[in-house]
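# Structure at a glance
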Amino acid sequence: MKKVVWIVGVLVAAGAVALGWAYSGQYNVAADAPHWDVTTRALATIRERSIAVRAADLAVPNLADPALIALGAEHYAGMCTGCHLAPGVGDNEMRQGLYPQPPNLSQPRDRSPAETFWIIKHGLKMSGMPAWGVTHDDEAIWGLVAFLQQLPTMDATVYAAFTQDTGEADHDQDAHEHGDTEHGGDGSSTLAGATMGGSADAVGTHEHPDGERHDH
Ligand code: HEC
């Protein structure tokens, strides 16, 4: 009995110390203060296992279907290049400040189609990677997976040919390209401005150094 009281006491004390530390503000949540190596490794293991377990039973459609690839090209150009780049698409201010940095998806990656689908559909917590399944059906997301299979083989000309007819205007994601958030945002609007073009209004009008016209 005495032992149990001791164990409970130690656990309560440890909990109090942890709570006190959390409340003290010692932990730096800044995106420009990288994690320790050990934290990065732990987070990577948790992320990879979580994705692998959840993607294991997904049935993958025919990713060589040209219609599916074309559908993905349209969505990719409108929704993804601001964070993941593309051949002939230059880097931008928003992407450079994101932590973790979104990978350049025009480089070959060691990632199965099922896992890629799961990530695009559900997004990744606390990373800036949105859950596109909230606004898109599975077919659109498989299209993105099919297109991503091809993307590393494309140069700027082929990429442009694939995406030129895309109704980019159908998407209000243009804020990706503009690095809006550096100018006049209040910090908390970083992702809102980046991922929900509509809300960029809240950031206000401003001049952009690259002279790009803003439609808000
Ligand atoms: C606002 C920025 C942002 C946008 C827009 C965005 N992503 Fe991401 N994405 C990220 C970040 C950040 C990561 C990395 C997360 C991590 O490492 O934990 C990521 C990771 C991914 C990965 C996993 C890469 C890998 O192999 O590890 C895929 C696939 C992906 N995104 C696809 C897409 C697609 C497709 C779109 C467009 C429909 C998109 N993303 C739009 C930020 C974004």
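In what follows, the structure referred to is the one given above.
Keep in mind that what you see is a predicted model, and the values were worked out from it rather than measured. (Residues numbered from 1 in each chain as written. Predicted model: local features only at pLDDT ≥ 70, side-chain atom pairs only at ≥ 80, totals over all residues. Heavy atoms only, no water.)

## What to know about the packing of aromatic side chains
Threshold: We call Phe, Tyr and Trp rings a pair once their centres come within 6.5 Å, taking the six-membered ring for Trp, and we label the pair stacked below 30 degrees between planes, edge-to-face above 60, and tilted otherwise. The numbering of helices and of strands both runs from the N terminus, where a helix is a DSSP run of H or I of at least 4 residues and a strand a run of E of at least 2. The buried label goes to any residue with under 20% of its type's maximum accessible area, the exposed label to any with over 50%, and the partly exposed label to all in between, with areas taken from a 1.4 Å probe on protein chains only.
Enumeration according to the criterion identifies five aromatic pairs in this entry. Between Tyr 76 and Phe 147, the ring centres sit 5.5 Å apart and the planes meet at 45°, which makes this aromatic pair tilted. Of this pair, Tyr 76 sits in helix H3 (residues 66-79) while Phe 147 sits in helix H7 (residues 138-150); the two residues are 71 residues apart in sequence, bridging distant segments of the chain. A centroid spacing of 4.1 Å and a plane angle of 20° characterise the contact between Phe 117 and Trp 142, whose relative ring orientation is stacked. Here Trp 142 lies in helix H7 and Phe 117 lies in helix H6 (residues 113-122), a separation of 25 residues in the sequence. Residues Phe 117 and Trp 142 agree in their burial class; the two are buried.

## Let's talk about the pattern of salt bridges
This is how the line gets drawn: We define a salt bridge as a contact between a side-chain nitrogen of Lys or Arg and a carboxyl oxygen of Asp or Glu at a distance within 4 Å.
Using the criterion set out here, one finds five salt bridges in the structure. Residue Arg 95 pairs with Asp 91 through a salt bridge whose shortest N-O separation is 3.3 Å. Here Arg 95 falls in the buried class, since its relative accessible area comes to 6%. Among the salt bridges present, the one from Asp 138 reaches Lys 121, with a minimum N-O distance of 2.9 Å. Taken together, the positions of Asp 138 in helix H7 and Lys 121 in helix H6 put the pair 17 residues apart, joining distant regions of the chain.

## Side note on the site of the ligand
Selection rule: Any residue with a heavy atom positioned within 4 Å of a molecule or strand is treated as near that molecule or strand. Identification of polar contacts relies on pairs of N or O atoms within 3.5 Å, with a donor-acceptor requirement for protein atoms, meaning one able to donate a hydrogen and the other able to accept it, and with residues adjacent in sequence counted only if both atoms are side-chain atoms. Under the grouping applied here, Gly and all other residues not named as nonpolar or charged are polar, the nonpolar ones being Ala, Val, Leu, Ile, Met, Phe, Trp, Tyr, Cys and Pro and the charged ones Asp, Glu, Lys and Arg.
Taken together, 24 residues sit near the ligand, with Cys 80, Cys 83, His 84, Arg 109 and Met 129 positioned nearest. The contact in question runs from an oxygen atom of the ligand to an N or O atom on the side chain of Arg 47, over 3.3 Å. Those elements that provide at least two residues to the shell around the ligand are helix H4 (81-84) and H6. Sort the elements by how many residues they give to the shell around the ligand and H6 lands first, with three residues. Residue composition of the shell around the ligand, by class: 15 nonpolar, six polar and three charged.

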